[in-house]
Amino acid sequence: MRISLNWLRELVDLPPSPEELAEMLTMAGFEVEDIEDRRIWAEGVVIGRVLQREPHPNADKLSVCTVDIGAKQPSTIVCGAANVQADIFVPVATLGTYLPKVDLKIKPRKLRDVPSEGMICSLAELGLTKESEGIHIFPQENLQVGSDARPYLGLDDVILDLTSTANRADALSMVGIAREVAAITGAPLRLPQPPAIETTSDAKALTLKISESQACPTYIGTVIEQVTIAPSPLWLQQRLQASGIRPINNVVDVTNYILLEWGQPLHAFDRDRLLQVGGSKALQIGVRFAEVGETLQTLDGQNRTLSDQALLITANDKPVALAGVMGGEETEVHSETQNLVLEAALFDSAAIRRSARSQGLRTEASARYERGINQAELEIACRRALALMTELAGGTIVAQEVAATRGSQASMTRSIELRLDRVNQILGPISVGDEVAELEPVAIERILKALGCDISTLSKDGVWTVTVPPYRYRDLEREIDLIEEIARLHGYNNFCETLPEKTEPGYLSVEQSLSRKLREAFRAIGLTEVMHYSLVKPNQERQIVLSNPLFPDYSALRTDLLAGLIEAFQYNLEQGNGPLNAFEIGRIFWSEEEGLSEAESIAGIFGGDPTQGKWIQGGKEKPLTWFEAKGYLDSVFCRLGLVVEYQPDRRDTRLHPGRTASLWLRGDRLGTLGQLHPQLRLERGFPDEVYAFELDIDVLFGALDQDELRVPTFQPYSAYPASDRDIAFFIPTQFSEADIERVIRQAGGSLLESVELFDEYRGKNVPDGQRSLAFRLIYRASDRTLTEEDIEPVHQKVRESLVEKFRVDLRS
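Just so you know, these numbers come straight off a predicted model, no measurement behind them.

**A look at the overall build of the protein**
Check the secondary structure of the protein and you find 21 helices and 42 strands. For the protein, the C-alpha radius of gyration of 42 Å lies well beyond 28 Å, the compact-globule estimate for 812 residues. By residue count, 47% of the 812 residues in the protein fall in the buried class. Across the protein, contacts joining residues at least 24 apart in sequence account for 66% of those joining residues at least 6 apart. By element, 47% of the accessible surface of the protein is carried by carbon and sulfur atoms, the whole surface being about 42,400 Å². Distance from the positive charge centre (85 side chains) to the negative charge centre (120 side chains) of the protein: 3 Å.

So this is what it looks like as structure tokens:
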């Protein structure tokens, strides 16, 4: 909101400089974004009187003027305005004056061989309008020539561009800011006190019908007859312009003036036009919601089709305005208006917000109604407007009708208990000179009384009962709100800079630490972390579907991460970015008989040819094999210190039934790794051999949450040589390599350092239903060189275990 200091100064005494006031308001929570010092716009501009005007000897459109500016000799000024004439008072920029709005410094110069000693100014050159047709002529008579022109132009003012928080609806008015300044500085308030309303008691002039009393708890309609529409006086126009509002006429300008002064939106209707729209000699003003398909032409010239969320003002049930948002063009006040109906009303915040949004409108009035206006001072604002209207436009107040369902004045306030101990506990100590102390009860009482609160005597238990003023009813609701006000007005910078007691250094939780470790491991194999929305299309089983989605494509919660990664892989290919090698950590959701569930998961996708430069391959692609893809995941598990087993799996239809494995960790199912199904790859245009995995992160965390894994212990390398042995055998194909390796390791005991499958053969000389496997076993001890006597018994135990478990036919 733009705050005129000249206007504010009429309501409360201000600090000496605008900068001090801006600092005080900012520290109190009202950010001052800009200080517009209008005094510099016309510094050096004085009032001059044109004594004589003659045509320029060398130019048809120029005039040579003799102007009295209060100096010993009149000045000769060449002027190009068509409206310049003798015996008028004008603003004159004297020699040496700098006009910042047009970036012009006035110097003596010649215009078509005629000297000019200054410039007669237009409002555009002074920064008051964007364009001007001619010079500005002061309407006042008998002005003192040579005196400062700024007070007559409204340029002796400073404007603060102030932003208030959403909870401070009272700050969207001059009275609200004046109250705030008075609370900060202790200066007395000088609020206008409008007189009581006197009517001629014409009961038939107006009736009210409020169909939506919840949306409109109070409506005041006042009929004024025989008004004269004219331009507003200069002081009123200047105040509106300083606040960024364009003056229109005396009646409309008064409604805008009250909007700025009290924060109460008003609207003036042409009564004769209301009767014409209503089609009757009797006028009934109503408030109701629109019917779907009704139309209304608003003041901005737009013909609007209304929805059932639009709240309307009606004349004999015919729409004439969007309540609390914008009036109708058909009933606006115009130059021939003689009779008025002035609306002053309270509207529900939610109703106005929905109504304005349904039409894509936001006005100064709706912005205030949406935040909530001061209910207790509606009548004061109405009386103030009527007093100004009758003063500036004449007329007689014929009748006033009130429809009110709101509570009494007592219902517009509340009492809150405030504990002294709680105030000091929350706010902490303050600095008093070089000493540290707590806030005294006297200081707390002074601050609360400055805010307009009534406060009881402090009880023996250290508790006050604080009664909140009506204009702060909406934002002072709890004890903590009062404590915030005390801190704000005492000054946040006046509290001691102390750390809370019993502070501890920050640390990562186990989950955070393990999550970072996981991310490092997957980034180390070349995967990029990505993130997708949790909302997806509703096309899967066990999905949780939203009841009120924003969009149909984002109306259900995802049941896995893999679907999003497949979509991202396809998108990258279509954009020409090549295969996407990525992983994602996020939450998944599903429904089951017991209810709704969610869990953390990690998934990834990778594929294509990872090599750079394919000339050594003759330009041919060399996609990843299944074993290379498994090796990527194995390297992650090795980095984390985990031993994971692979078992055949074909439950996920998106994966290749013969190249998919379920992963097991210490008997718990960890997840799935597999190659994308050939049919899926064909449908989406993927390259050959694209692999995907999805893991249960809770199982991973459970396995990693061990001291020996979270803090690795160094194991010294053996200084003694290893001894290797090969073993080959025929084995039925139903047994997996993981099962065989597990049996070998169990039999090999502590001397067996590693097991490696180095050969597989199927074909000639191999029995049907079997395959030939060859393993290399490495034996090593950390304290000695192994001999044949050490190795042979262990190796023999391995052979015997294989024969016993799998009925293998040993070949070596």
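**Topic: the pairing of strand E20 (residues 318-322)**
Here E20 lies mainly inside the structure; 4 of its 5 residues are buried. In this sheet, E20 lies alongside strand E19 (residues 311-315) in antiparallel orientation, the contact comprising 4 bridges. Of the residues in E20, the one forming a bridge with isoleucine 313 is alanine 321. Here 2 bridges tie E20 to strand E21 (residues 326-327), and the two strands are oriented antiparallel to one another. Note that in E21 the partner of alanine 321 across the bridge is glycine 327.

**Quick notes on the pattern of salt bridges**
Under the defined criterion, the tally for this structure stands at 44 salt bridges. Measuring nitrogen to oxygen at the nearest pair gives 3.0 Å for the salt bridge that ties arginine 168 to glutamate 180. Here arginine 168, found in the loop between strand E12 (158-163) and helix H4 (174-185), pairs with glutamate 180, found in helix H4; they are 12 residues apart in sequence, far enough to count as distant. Comparing arginine 168 with glutamate 180 shows no difference in burial state: the two are buried. We note a salt bridge from glutamate 479 to arginine 419, for which the minimum N-O separation is 2.7 Å. On the criterion of sequence distance, the pair formed by glutamate 479 in helix H13 (residues 479-490) and arginine 419 in strand E24 (residues 415-419) is long-range, its members being 60 residues apart. Among the residues examined, glutamate 479 registers a relative accessible area of 15% and is labelled buried. A single salt-bridge network, built from bridges that share partners, covers Arg168, Asp170, Glu180, Arg472, Asp475, Glu485 and Arg488.

**Focus: the side chain of glutamate 36**
On the secondary structure map, glutamate 36 appears in strand E2 (residues 31-37). Beyond its immediate chain neighbours, meaning those up to four positions away, glutamate 36 contacts Arg2, Trp41, Asp157, Val158 and Ile159.

**As for the packing of aromatic side chains**
The final tally for this structure, using the stated rule, is 14 aromatic pairs. Centre to centre, the rings of tryptophan 7 and tyrosine 257 are 4.6 Å apart; their planes meet at 10°, and the pair counts as stacked. A residue pair is termed long-range when its members are at least 10 positions apart, and tryptophan 7 in helix H1 (residues 5-11) and tyrosine 257 in helix H6 (residues 250-262) qualify at 250 residues. Across the pair, tyrosine 257 and tryptophan 7 agree in class, each one buried.

**Brief notes about the pairing of strand E6 (residues 89-93)**
Counting buried positions along E6 gives 5 out of 5 residues, so the element sits mostly inside the fold. Side chains Phe89, Pro91 and Ala93 project from E6 onto one buried face, and the interleaved Val90 and Val92 project onto a second face that is buried too. Pairing of strand E3 (residues 45-55) with E6, which is carried by 5 bridges, proceeds in the antiparallel orientation. In the sheet register, valine 46 faces E6, and the bridge partner there is valine 92.

**Considering helix H21 (residues 788-806)**
If you check H21, its first and last C-alpha atoms are 27 Å apart, about what 19 residues at 1.5 Å a residue would give, namely 27 Å. For H21, every residue scored as buried is listed here: Ile791, Val794, His795, Val798, Arg799, Ser801, Leu802 and Phe806. One side of H21 carries all its buried residues, which in axial view fall inside an arc of 160°. Along H21, exposed side chains directed more than 90 degrees from the buried face belong to Glu789, Pro793 and Glu804. Buried residues belonging to H21 abut strand E39 (723-732), helix H20 (737-748), strand E41 (770-779) and strand E42 (809-810). Positive phi appears at arginine 807, one or two residues downstream of H21, with a value of about 55°.

**Looking at the nonpolar core**
With 93 residues, the main nonpolar core has Leu8, Ile258, Ile313 and Phe347 as its most contacted residues. In terms of residues, this core owes the most to one element, helix H10 (residues 378-393), which gives 8 residues. The next biggest cluster of nonpolar side chains, apart from the first, holds 34 residues, and it includes Ala521, Trp626, Leu642 and Leu704.

**With respect to the packing of helix H14 (residues 510-524) against helix H16 (residues 626-640)**
The relative placement of two packed helices comes down to the angle between their axes together with the axis-to-axis distance. Viewed as axis vectors pointing N to C, H14 and H16 meet at an angle of 140°, and their least axial separation amounts to 9 Å. The angle between H14 and H16 places the two elements in the oblique class. In the packing of H14 onto H16, the handedness of the crossing is right-handed. Every residue of H16 that contacts H14 at Lys517, Leu518, Glu520, Ala521, Phe522 and Ala524 is listed here: Leu633, Val636, Arg639 and Leu640. Here the contact of H14 with H16 is composed, by residue class, of 7 nonpolar, no polar and 3 charged.

**Here we look at a nonpolar patch on the surface**
Together, Tyr533, Leu550, Phe551 and Tyr554 make up an exposed nonpolar region whose accessible area comes to about 540 Å². Mapped onto the elements of the fold, tyrosine 533 is located in the loop between strand E29 (528-529) and strand E30 (535-536).

**Describing the sheet that holds E24**
Strand order in this open sheet of 3 strands is E24-E28-E27, and the pairing throughout is antiparallel. Pairing within the sheet leaves two strands with one partner each, and these edge strands are E24 and strand E27 (454-455). Summarising the sheet, E24 and strand E28 (residues 463-467) pair through 5 bridges and their orientation is antiparallel. The residue bridging arginine 419 from the neighbouring strand is valine 463, located in E28. This element, helix H12 (residues 441-450), spans E24, E27 and E28 of the sheet and lies at about 10° to E28. Contacts from H13 reach E24 and E28, with the element oriented near 65° to E24.

So, how was this worked out
- Within each chain, residue numbers correspond to sequence positions counted from 1 in written order.
- A pLDDT threshold of at least 70 governs which residues receive local features in this predicted model, and a stricter bar of 80 or more applies before side-chain atom pairs are shown or counted, although totals over entire chains, interfaces and linings include all residues.
- The side-chain quantities take in all heavy atoms of the structure and omit both hydrogens and water.
- Here a strand is any run of E in DSSP of at least two residues, a helix any run of H or I of at least four, and the numbering for each starts at the N terminus.
- Only C-alpha atoms enter the radius of gyration, while the globule expectation follows 2.2 Å times N to the 0.38, with N the number of residues.
- To sort residues, take the accessible area from a 1.4 Å probe on protein chains only and compare it with the maximum for the residue type: under 20% means buried, over 50% means exposed, and anything in between is partly exposed.
- What makes two residues a contact is simply this: any of their non-hydrogen atoms within 4.5 Å.
- A 1.4 Å probe and the Shrake-Rupley method give the accessible areas. Residues count as covered only by the protein chains that appear here.
- The sign given to each residue is positive for Lys and Arg and negative for Asp and Glu; His and the chain ends receive no count.
- Charge coordinates come from a single atom per side chain, which is NZ of Lys, CZ of Arg, CG of Asp or CD of Glu.
- In short, DSSP must find at least two bridges between two strands for them to pair.
- Criterion for a salt bridge: a side-chain nitrogen of Lys or Arg within 4 Å of a carboxyl oxygen of Asp or Glu.
- Aromatic pairing here means that ring centres of Phe, Tyr or Trp (its six-membered ring) are within 6.5 Å. Orientation follows from the plane angle: under 30 degrees is stacked, over 60 is edge-to-face, and everything else is tilted.
- Residue count minus one, scaled by 1.5 Å, sets the expected span of a helix.
- Of all possible arcs, the one meant is that of the directions from the helix axis to the C-beta atoms.
- To define a nonpolar core, start from buried Ala, Val, Leu, Ile, Met, Phe, Trp, Tyr and Cys residues and group those joined through side-chain atoms within 4.5 Å.
- Note on geometry: axes are lines fitted to C-alpha atoms, helical ones only across the stretch in contact, with angles between N-to-C directions running from 0 to 180 degrees.
- For classification, angles of less than 35 degrees are called roughly parallel, those exceeding 145 degrees roughly antiparallel, those between 65 and 115 degrees roughly perpendicular, and all remaining angles oblique.
- Crossing handedness: left-handed means the near helix sits turned counterclockwise from the far one by under a right angle, and right-handed means the same turn made clockwise.
- Amino acids are sorted into nonpolar (Ala, Val, Leu, Ile, Met, Phe, Trp, Tyr, Cys and Pro), charged (Asp, Glu, Lys and Arg) and polar (every other residue, Gly among them).
- Candidates for patches are residues over 30% relative accessible area with no salt bridge; among them, like charges are joined within 9 Å and nonpolar side chains (Val, Leu, Ile, Met, Phe, Trp, Tyr) within 5 Å.

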